[in-house]
Amino acid sequence: MTRPVVHLELHTGDLASARAFYAGLCDWRPERIGARGRSYLALEMGGALGGGIVECEARRPIWLPYVEVPDVGEATERARALGATVLLEPREGPAGWRGVVAAPAAGELAFWQPKRPARRT
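Residues numbered from 1 in each chain as written. Predicted model: local features only at pLDDT ≥ 70, side-chain atom pairs only at ≥ 80, totals over all residues. Heavy atoms only, no water.

A. Local environment of the environment of A95. Tracing the backbone through its elements, the reader meets A95 in the loop between β6 (85–92) and β7 (96–103). For the pair A95 and L109, spaced 14 residues apart in the sequence, the C-alpha separation amounts to 19 Å. Setting aside its immediate chain neighbours within four residues, A95 contacts W112, P114 and K115. (Helix = DSSP H or I, 4+ residues; strand = E, 2+ residues; numbered from the N terminus. Contact = heavy atoms within 4.5 Å.)

See below:
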């Protein structure tokens, strides 16, 4: 089964310039949200694809695609078996779990497993 890209996140050392560039080029209007003391801008990119810009100590700006998977831990272990380096072990956040891997010929990729609402009995 093909796994969909559900989120694109730009990692940059210059949040203000990235915001101005994409606002002028694509008419994206980011919304600042709280993210554990870090600067994060949520992007409405149109359609079902979400996005964001995070300010961090990136050597260069890089887009990180998030692929939805049924199990972040399993996807991370499969990537490791295929030769990837795990940059971020799976961790839980408010809306789900994520992890990040990198492979020399394939770049960086994030896995996303959303939390499902509890079923009522």
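B. View of unusual backbone geometry. One non-glycine residue, D27, lies in the positive phi region at around 60°. If you trace the backbone, D27 turns up in the loop between α1 (15–26) and β2 (31–35).

C. The arrangement of helix α2 (residues 72–81) in detail. Among the residues of α2, V72, A75, T76 and A79 are the ones counted as buried. With its buried residues spanning 100° around the axis, α2 presents them on a single face. Buried residues belonging to α2 abut β6, β7 and β8 (107–114). Of the residues that open α2, the one with a side-chain oxygen 2.9 Å from the backbone nitrogen of G73 is D71. Among the residues trailing α2, G83 stands out with phi positive, at a value near 105°. (Buried < 20%, exposed > 50% of the residue type's maximum accessible area, 1.4 Å probe, protein only. Arc of directions from axis to C-beta. Polar contact = N/O pair within 3.5 Å; in protein donor to acceptor, adjacent residues only side chain to side chain.)

D. Main features of the state of the cysteines. One pass over the full model with this rule turns up zero disulfides. Free cysteine C56: the closest other cysteine sulfur is in C26, separated by 20 Å. (Disulfide = S-S within 2.5 Å.)

E. Main features of the packing of aromatic side chains. For the coordinates displayed, the defined rule picks out four aromatic pairs. For the ring pair Y22 and W28, a centre distance of 5.2 Å and an interplane angle of 20° mean the geometry is stacked. A relative accessible area of 16% means that Y22 is categorised as buried. For W28, a relative accessible area of 16% puts it in the buried group. (Phe/Tyr/Trp six-rings, centres within 6.5 Å; stacked < 30°, edge-to-face > 60°.)

F. Just the pairing of strand β1 (residues 5–12), in detail. Where β1 and strand β5 (residues 62–68) come together, six bridges link them in antiparallel fashion. By the bridge assignment for β5, L10 is matched with W63. The sheet contact formed by β1 and strand β4 (residues 50–55) spans six bridges and is parallel. Across the sheet, the residue bridging to T12 is E55, located in β4. (Pairing = 2+ DSSP bridges.)

Shape descriptors only; they carry no functional weight alone.
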